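So the chains spell out like this:
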Amino acid sequence: MPNHGTVHLVTEYAFILGRNPELSLAELLTLFPEDELVLHSGHTTVFQYKNPLPEPQKLLDRIGGTTKIIEVFARGTFDDAMEVLTAYLTEHNAKIFGINAINVSSAFEQKFLRHILIPLKKKLKGDGKVRFVNKPFFNVSEVFAKKQRLIEKGAELNCIQTGKEVLFGKTVAIQDFEGYAERDYGKEVRDPRAGMLPPKLAQIMINLAGEVDVIYDPFCGTGTILNEAILMGKKAIGSDIEPKMIEASKVNVPGAAVFQHDAAVLYGADKLMSMANIKGGQRIAIVSEPSLGPPLSHFPGIPEAKKILASLSVLYRNFFTSVSKNFPKGTVIVFIFPYIRNKGDLFYSSQFDGLIEKITGAGFSIEPLPPDSRNSLDYERPDQMIGREIMRLRLK
């Protein structure tokens, strides 16, 4: 029998992870202590807290790799679902609802929803008009639930398979897809040739930097990282060698301090803080996507890929040398090293010509990413010729 009648697990929350669950989990484990992690299964991670989250939507708006937060209220099996869901919807007088089966096969999802949705609706109909929003018979998409304001108008309930046990929970926050799209495609100044860093990935990188007050992006481009930093309550400083990128960032992110720097020399941390009128004593981290090389219209051959990587290797080596001379020990750098796809092969810029060994030899250490202490994690979209290897380093 489910335990919904005796124990309400109001301090457990399931985080539904995005398209790259390993990177999303690393983000969460940088934000929350690992000892609060209850379980991780597929695209679902469950944390337990001493107290309920006060504002889960505001929390989710600051996390790029999670699409939904679910508050767990009962445990049991799928055989308990009708009883548990009926009790919850009745108690909360929800007339509009959606039901999801998570971490199950598509076939089981459809079979389960076909078995439960109509009988559940009939059980609840005695109290008046009731309807479910599932398209027969599939889970409710996050986008649809958000547009329908399902959390505010009714309830979205979730049955999460975790081994032999099922967690039952209500959705308390859904990712703001429209907000991300507006920040991605609605910029006043855009330049596809300068790279199109997704705002969600920018948030993940900022969170991977840990507890800092100021984010500095020395390859600021059109200002994606700067904008996300400000939205997350941090101060933002950007610089670039190209005047048009400086102007783009100033237009797109008026709240950031943006400066032009010489191709070979960065401003020092103290100088940057002074120029940006930021008081001393605040913690600064470098978070950046540098130049990823020239735009590609085809999958490059090996000679072309090596030529691109050789050029990038010099740029990145000079950048880290400048950081080592101008920033204090302990500075964290979250950095993207691109890799080039050539049919079935991947050519990593971090490994080209011993680049990462030269960077660590210049006074940097690689900060492993949780939970498996990996040196880096990859991020790519289907059919992209250029992928992103994300690495966290610290100046020793």
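Placed above this text is the structure.
What comes next concerns the included structure. (Residues numbered from 1 in each chain as written. Predicted model: local features only at pLDDT ≥ 70, side-chain atom pairs only at ≥ 80, totals over all residues. Heavy atoms only, no water.)

## Regarding the sheet that holds strand 6 (residues 131-132)
Each strand in a sheet pairs with another by means of backbone hydrogen bonds, the pair being arranged parallel or else antiparallel.
Consideration 1: What the 8 strands build is an open sheet, ordered 2-3-1-4-8-7-5-6; its pairing is mixed. Pairing within the sheet leaves two strands with one partner each, and these edge strands are strand 2 (37-41) and strand 6.
Consideration 2: As paired strands, strand 1 (residues 12-17) and strand 3 (residues 44-48) are joined by 5 bridges and run antiparallel to one another. Residue pairing in the sheet places I16 in a bridge with T44 of strand 3.
Consideration 3: Helix 1 (residues 21-31) rests against strand 1, strand 2, strand 3 and strand 4 (66-76) of the sheet, and its axis sits at about 140° to strand 1.
Consideration 4: The sheet strands contacting helix 3 (residues 81-91) are strand 4, strand 5 (96-102), strand 7 (155-162) and strand 8 (165-174), and the helix crosses strand 7 at an angle near 150°. (Pairing = 2+ DSSP bridges. Helix = DSSP H or I, 4+ residues; strand = E, 2+ residues; numbered from the N terminus. Contact = heavy atoms within 4.5 Å. Axes fitted to C-alpha atoms, helices over the stretch in contact; angles between N-to-C directions.)

## A word on the packing of aromatic side chains
Consideration 1: Tallying each qualifying case throughout the model produces 23 aromatic pairs.
Consideration 2: Both rings, one in F320 and one in F364, keep their centres 5.2 Å apart while their planes meet at 85°; by these two values the pair is edge-to-face. Of the two residues, F320 sits in helix 12 (residues 302-326) while F364 sits in strand 15 (residues 364-366), which places them 44 residues apart along the sequence.
Consideration 3: Overall, the relative accessible area of 1% leaves F320 in the buried class.
Consideration 4: Taking relative accessible area as the criterion, F364 reaches 1% and is therefore assigned buried.
Consideration 5: Among the aromatic residues, those joined into a ring-pair cluster are F219, Y316, F319, F320, F335, F337 and F364.
Consideration 6: The lysine or arginine in question, K200, covers the ring of Y180, its NZ or CZ lying 5.6 Å from the ring centre. (Phe/Tyr/Trp six-rings, centres within 6.5 Å; stacked < 30°, edge-to-face > 60°. Buried < 20%, exposed > 50% of the residue type's maximum accessible area, 1.4 Å probe, protein only. Lys NZ or Arg CZ within 6 Å of the ring centre and 35° of its normal.)

## A look at the pairing of strand 5
Consideration 1: Across the 7 residues of strand 5, 7 count as buried, placing the element largely inside the fold.
Consideration 2: Burial along strand 5 is two-sided: the face carrying I96, G98, N100 and I102 and the face carrying F97, I99 and A101 are both buried.
Consideration 3: Judged from the 2 bridges that link them, strand 5 and strand 6 form a sheet pairing that is parallel. When the bridges of strand 6 are listed, I96 appears paired with R131.
Consideration 4: The sheet contact formed by strand 5 and strand 7 spans 6 bridges and is parallel. Across the sheet, the residue bridging to F97 is A155, located in strand 7.

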